[in-house]
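Structural description and commentary
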Amino acid sequence: MGAADVVPGVSGGTIAFITGVYDTLLESIRRINPTLIRYWKKNGFSATLEYINVKFLICLLAGILTSVATLAKLISWLLKVHPIPIWSFFFGLILVSVLHIAKQINKNNPLLLIGLFIGIALAYSITVLQPLHLSATSVNIVFAGSIAICAMILPGISGSFILLMMGMYATILSAVKDADVITLSLFALGCIIGLLTFSHILSWLLRHARNFTLTTLTGLMIGTLPKIWPWKETLTWRINSHGEKVPLLQQNLNPFDYEQITSHSPQLALAVALMLSAIIFVLALEKFATRTTTKHH
């Protein structure tokens, strides 16, 4: 999840869904609320930790933080130096994840198509929005954290991409690289606020309108596919907080026209190989998750 969350366009929630921990994650977070104090007084400290599934949350958080800390620099470098292969891998990842979530919808109701179209429209509209340029004030960092974390637990919408849209991606990534404790603490505070409120809504939707919610999530993932299409032409650029020139507006290209328009190799064979490896990776992960779940039951 941490590795996915570093990449603008890929969601950690997608990985949680593939590995089969999504419902457990939401339910564990949902149980952390003011009523927990009453539960603690009645049942004791160890029972309360078990109730919120603290071992699971610690393992998951440790994995995410380790991945973000170790992969932030590598993924930033790969996206800059080898964009087509890395975007191809993530494109394959999202593509197979769409099928993974769609398989869990167990009703053939035409009304579910409404949810699908809402998801596609919402995700696509976010990908074509003009990025904002919020200044890195304490309030804005907390606000960015609360919004981005909601996207991070939604399969399909990337928290990193939301940060990019808010103009806060470079600020947060720099804070991770430079171990800027103050910025990271403010961001974490925002994440906690967003997580504890949004997880309740999403958990309720999955319990009471699961098929419609899953269809909408599938739509969200389909709608983000154009954003992570590997072959792009940059139309306009912006200067980031480090004074570096980075893409602002891009348009998708046909891989067969890519070389003619950009004078760069489309790396088609490598791109297809990485898309297929992502699909194989997800199918293997799915099989492993199913086997683990069966073993535990």
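First, a word on what this report is: a plain description of the structure on this page. (Residues numbered from 1 in each chain as written. Predicted model: local features only at pLDDT ≥ 70, side-chain atom pairs only at ≥ 80, totals over all residues. Heavy atoms only, no water.)

The helix and strand inventory of the protein chain stands at 15 helices and two strands. Going through the 297 residues of the protein chain one by one, you find that 43% of them count as buried. A separation threshold of at least 6 residues defines the contact pool for the protein chain, and within that pool the share at least 24 residues apart is 74%. Within the structure as shown, the protein chain displays about 15,800 Å² of accessible surface, and the carbon and sulfur contribution to it stands at 69%. (Helix = DSSP H or I, 4+ residues; strand = E, 2+ residues; numbered from the N terminus. Buried < 20%, exposed > 50% of the residue type's maximum accessible area, 1.4 Å probe, protein only. Contact = heavy atoms within 4.5 Å. Areas by Shrake-Rupley, 256 points an atom, 1.4 Å probe, with all protein chains shown as cover.)

If you check helix H9 (residues 138-152), its first and last C-alpha atoms are 21 Å apart, about what 15 residues at 1.5 Å a residue would give, namely 21 Å. Taken across its 15 residues, H9 has 11 buried, putting it largely inside the fold. Buried within H9 we find Asn140, Ile141, Val142, Ala144, Gly145, Ser146, Ala148, Ile149, Cys150, Ala151 and Met152. In this structure, the buried side of H9 is in contact with helix H1 (2-6), helix H2 (12-18), helix H10 (159-165), helix H11 (169-178) and helix H12 (181-208). (Expected span 1.5 Å × (residues − 1).)

Attention now moves to the environment of arginine 210. When you line up the elements, arginine 210 lands in helix H13 (residues 210-224). Classification of arginine 210 as partly exposed rests on a relative accessible area of 28%. With 105 residues separating them along the chain, arginine 210 and isoleucine 105 place their C-alpha atoms 8.0 Å apart. Not counting residues within four places of it along the chain, the set of residues in contact with arginine 210 comprises Asp23, Gln104 and Leu205. At a separation of 3.0 Å, a polar atom in the side chain of arginine 210 contacts the side chain of aspartate 23. (Polar contact = N/O pair within 3.5 Å; in protein donor to acceptor, adjacent residues only side chain to side chain.)

Throughout the structure, instances matching the rule amount to three salt bridges. The partner of glutamate 27 in a salt bridge is arginine 30, and the shortest N-O contact between them spans 2.6 Å. Residue glutamate 27 and its partner arginine 30 are located together in helix H3 (residues 22-30), separated by three residues, close to a single helical turn. Between glutamate 27 and arginine 31 there is a salt bridge, with its nearest N and O atoms 3.1 Å apart. Salt bridges here are not isolated pairs; linked through shared partners, they connect Glu27, Arg30 and Arg31. (Salt bridge = Lys/Arg side-chain N within 4 Å of Asp/Glu carboxyl O.)

Here H12 crosses H13 at 120 degrees, and the two axes come no closer than 5 Å. As far as their axial angle goes, H13 and H12 are oblique. Between H12 and H13, the residues in contact are Leu202, Leu205, Leu206 and His208 and Arg210, Thr213 and Leu214, respectively. Tallied by class, residues from the contact of H12 with H13 come to four nonpolar, two polar and one charged. (Axes fitted to C-alpha atoms, helices over the stretch in contact; angles between N-to-C directions. Parallel < 35°, antiparallel > 145°, perpendicular 65-115°, else oblique. Nonpolar A, V, L, I, M, F, W, Y, C, P; charged D, E, K, R; others polar.)

As a further point, take a nonpolar patch on the surface. Among the surface-exposed residues, Leu111, Ile114, Ile118 and Phe212 lie close enough to one another that they form a single nonpolar patch of about 370 Å² accessible area. By secondary structure assignment, the location of leucine 111 is in the loop between helix H7 (83-102) and helix H8 (112-128). Judged by its relative accessible area of 55%, leucine 111 falls in the exposed class. (Patch = residues over 30% accessible without salt bridge, like charges linked within 9 Å, V, L, I, M, F, W, Y side chains within 5 Å.)

Moving on, we come to the nonpolar core. With 68 residues, the main nonpolar core has Tyr22, Leu25, Leu163 and Phe187 as its most contacted residues. Excluding residues that lie within four positions of it along the chain, leucine 163 makes contacts with Ala144, Ala148, Met168, Tyr169, Ile172 and Phe187. (Core = buried A, V, L, I, M, F, W, Y, C linked by side-chain atoms within 4.5 Å.)

Attention shifts here to the packing of aromatic side chains. Under the defined criterion, the tally for this structure stands at five aromatic pairs. Consider the rings of tryptophan 40 and phenylalanine 45, whose centres lie 6.3 Å apart with planes at 65 degrees: the pair is edge-to-face. On the basis of an interplanar angle of 80 degrees and a centroid distance of 5.7 Å, the ring pair of phenylalanine 89 and phenylalanine 90 is categorised as edge-to-face. Pairwise contacts between aromatic rings join Phe91, Trp229 and Trp231 into one cluster. (Phe/Tyr/Trp six-rings, centres within 6.5 Å; stacked < 30°, edge-to-face > 60°.)

As a further point, take the environment of glycine 145. Locating glycine 145 in the fold gives a position in helix H9. Taking relative accessible area as the criterion, glycine 145 reaches 0% and is therefore assigned buried. Put simply, glycine 145 and methionine 168 are 23 residues apart on the chain and 9.5 Å apart in space, counted from C-alpha to C-alpha. If near-sequence neighbours (up to four positions away) are discounted, glycine 145 is found in contact with Phe187, Gly190 and Cys191.

Looking now at the side chain of serine 67. Looking at the secondary structure, you find serine 67 in helix H6 (residues 54-81). Setting aside residues up to four positions removed in sequence, serine 67 forms contacts with Gly2, Ala3 and Ala72.

Another point: the side chain of serine 203. Mapped onto the elements of the fold, serine 203 is located in helix H12. A relative accessible area of 5% means that serine 203 is categorised as buried. Apart from residues no more than four positions distant in its own chain, serine 203 is found in contact with Leu26, Glu27 and Arg30.

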